[in-house]
Amino acid sequence: MSRSVLFDTETTGFDPLTGDRILEIAALELFNDLPTGNTFHTLVDPCRDVPEEATRVHGFTAEMLRGKPLFADIVEDLLAFFGRDPLIAHNAPFDFNFLNAEFARLGKPKLDPARMIDTLVMAKARFPGMPNSLDALCRRFSIDLSQRTTHNALLDCKLLAEVYIELTGGRQRGLGLTEAERAAAVAEYEHSASRVPRPIMPDEATLAAHEAFIDRLKDPVWRME
């Protein structure tokens, strides 16, 4: 099975080169492009102010984040969750740039850009000239947006996972099954694969009936050499 990680960040602004920082990060594990239910999520103290315009987007203030873990405190767990697998995000260069800036502060290597899968690029290729924000894609695919009153990294990941399934044809691959149904199907397959084959040997009467049936056919393939 192929593992990948879908993730999202919330930040204090738009540019890590001018001092903006990550204040929330969430990630979902996918196998064969479908969520496994394994997640990573944390708030982060950005050690700076949070501008009002940023708060209006995600709802977080500096006071709410004070005392939360520093990025240095969560970096090892984050990297362990990422592993070496492909990393999926919407407008992925934005999130990669912020993570790489945080890694640089800690003397850690940048993320390999070859790992990047950008769902915004995928959406633009499929729907050229149309709005392709996360909200627009959710509406296009009839994905429920009722809980998205502000940006929230974990909720955005869950919504993006549904969008990603649609963009990659995942619903067809999953045959519309729920996670429980899919797990039951896999378990049944694994159980059946472990069974010892029992060949069925026809008795004399069955063989005689088969021969009588073949006698009624013209040039039966069973008797061709």
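Scoring rules and cut-offs
Residues numbered from 1 in each chain as written. Predicted model: local features only at pLDDT ≥ 70, side-chain atom pairs only at ≥ 80, totals over all residues. Heavy atoms only, no water. UniProt positions renumbered as here; feature names shortened; annotations may be inferred. Core = buried A, V, L, I, M, F, W, Y, C linked by side-chain atoms within 4.5 Å. Buried < 20%, exposed > 50% of the residue type's maximum accessible area, 1.4 Å probe, protein only. Helix = DSSP H or I, 4+ residues; strand = E, 2+ residues; numbered from the N terminus. Contact = heavy atoms within 4.5 Å. Phe/Tyr/Trp six-rings, centres within 6.5 Å; stacked < 30°, edge-to-face > 60°. Axes fitted to C-alpha atoms, helices over the stretch in contact; angles between N-to-C directions. Parallel < 35°, antiparallel > 145°, perpendicular 65-115°, else oblique. Left-handed = near helix turned anticlockwise from the far one by under 90°. Nonpolar A, V, L, I, M, F, W, Y, C, P; charged D, E, K, R; others polar. Pairing = 2+ DSSP bridges.

Per an unreviewed UniProt entry, the protein chain is named DNA polymerase III subunit epsilon, and its organism is Granulibacter bethesdensis. Per UniProt, the protein chain carries the Function (unreviewed entry) text "DNA polymerase III is a complex, multichain enzyme responsible for most of the replicative synthesis in bacteria. The epsilon subunit contain the editing function and is a proofreading 3'-5' exonuclease." Recorded in UniProt under Subunit (unreviewed entry), the annotation for the protein chain is "DNA polymerase III contains a core (composed of alpha, epsilon and theta chains) that associates with a tau subunit. This core dimerizes to form the POLIII' complex. PolIII' associates with the gamma complex (composed of gamma, delta, delta', psi and chi chains) and with the beta chain to form the complete DNA polymerase III complex."

A.B. asks: Can you help me understand the nonpolar core in this one?
C.D. replies: Here is a general trend for soluble globular proteins: nonpolar side chains tend to be buried in one another's company. In terms of nonpolar packing, the biggest core is built from 23 residues, with Leu6, Cys138, Phe141, Leu159 and Val163 touching the most fellow members. Elements supplying a minimum of two residues to this core: strand S2 (22-31), helix H6 (134-140) and helix H7 (153-167). Top contributing element to this core by residue count: H7, with 10 residues. Aside from chain neighbours lying at most four places away, what touches Val163 is Leu134, Leu137, Cys138, Phe141 and Ile143. Core analysis: the second largest hydrophobic core is formed by 21 residues, Phe7, Ile22, Phe96 and Leu111 among them.

A.B. asks: Quick question: what am I supposed to make of the packing of aromatic side chains here?
C.D. replies: The geometry of an aromatic ring pair comes down to the distance between the two centres and the angle between the two planes. Evaluated as defined, the whole model comprises 6 aromatic pairs. Ring centres of Phe7 and Phe82 lie 5.3 Å apart, and the angle between their planes is 55 degrees; this geometry places the pair in the tilted category. Here Phe7 is found in strand S1 (residues 3-11), whereas its partner Phe82 is found in helix H3 (residues 71-82), with 75 residues between them in sequence. Phe82 matches Phe7 in its accessibility class, with the two residues each being buried. Look at Phe94 and Phe98: their rings are 4.9 Å apart centre to centre, the planes differ by 45 degrees, and that puts the pair in the tilted class.

A.B. asks: When you look at the environment of Ile74 in this model, what are you seeing that I'm missing?
C.D. replies: Within the secondary structure layout, Ile74 lies in helix H3. When the C-alpha atoms of Ile74 and Val44 are compared, they prove to be 8.4 Å apart, with 30 residues separating the residues in sequence. With residues near it in sequence (within four places) discarded, Ile74 still touches Phe40, Thr42, Val44 and Pro69.

A.B. asks: Looking at this structure, I do not really get the packing of H3 against helix H4 (residues 92-105). What am I missing?
C.D. replies: For the pair H3 and H4, interaxial distance at closest approach is 11 Å and the crossing angle is 120 degrees. In terms of their interaxial angle, H3 and H4 are classed as oblique. As for the relative orientation of H3 and H4, their crossing is left-handed in sense. Two secondary-structure elements touch here, H3 through Phe71, Val75, Leu78, Leu79 and Phe82 and H4 through Leu99, Glu102 and Phe103. Grouping the constituent residues of the contact of H3 with H4 by class yields 7 nonpolar, no polar and 1 charged.

A.B. asks: Would you take a moment to explain the UniProt feature "binding site: substrate" (unreviewed entry) in the protein chain for this structure?
C.D. replies: UniProt's entry tags Asp8, Glu10, Glu53, His58 and Asp156 with the feature "binding site: substrate" (unreviewed entry), counted in the numbering of this structure. Among the secondary structure elements, Asp156 is positioned in helix H7. Since its relative accessible area comes to 4%, Asp156 is described here as buried.

A.B. asks: Looking at this model, I keep getting lost on the sheet that holds strand S5 (residues 116-118). Mind explaining?
C.D. replies: Backbone-to-backbone hydrogen bonds join strands into a sheet, with any given pair of strands oriented parallel or antiparallel. Read from one edge of the open sheet, 5 strands run S3-S2-S1-S4-S5, paired in mixed fashion. Every interior strand has two partners, whereas the edge strands, strand S3 (34-43) and S5, have only one. Between one strand axis and the next, the sheet turns by 25 degrees as a mean value, whatever way the strands run. On top of the sheet, H4 reaches S1, S2, strand S4 (87-89) and S5; it is set at about 80 degrees to S1, its chief contact.

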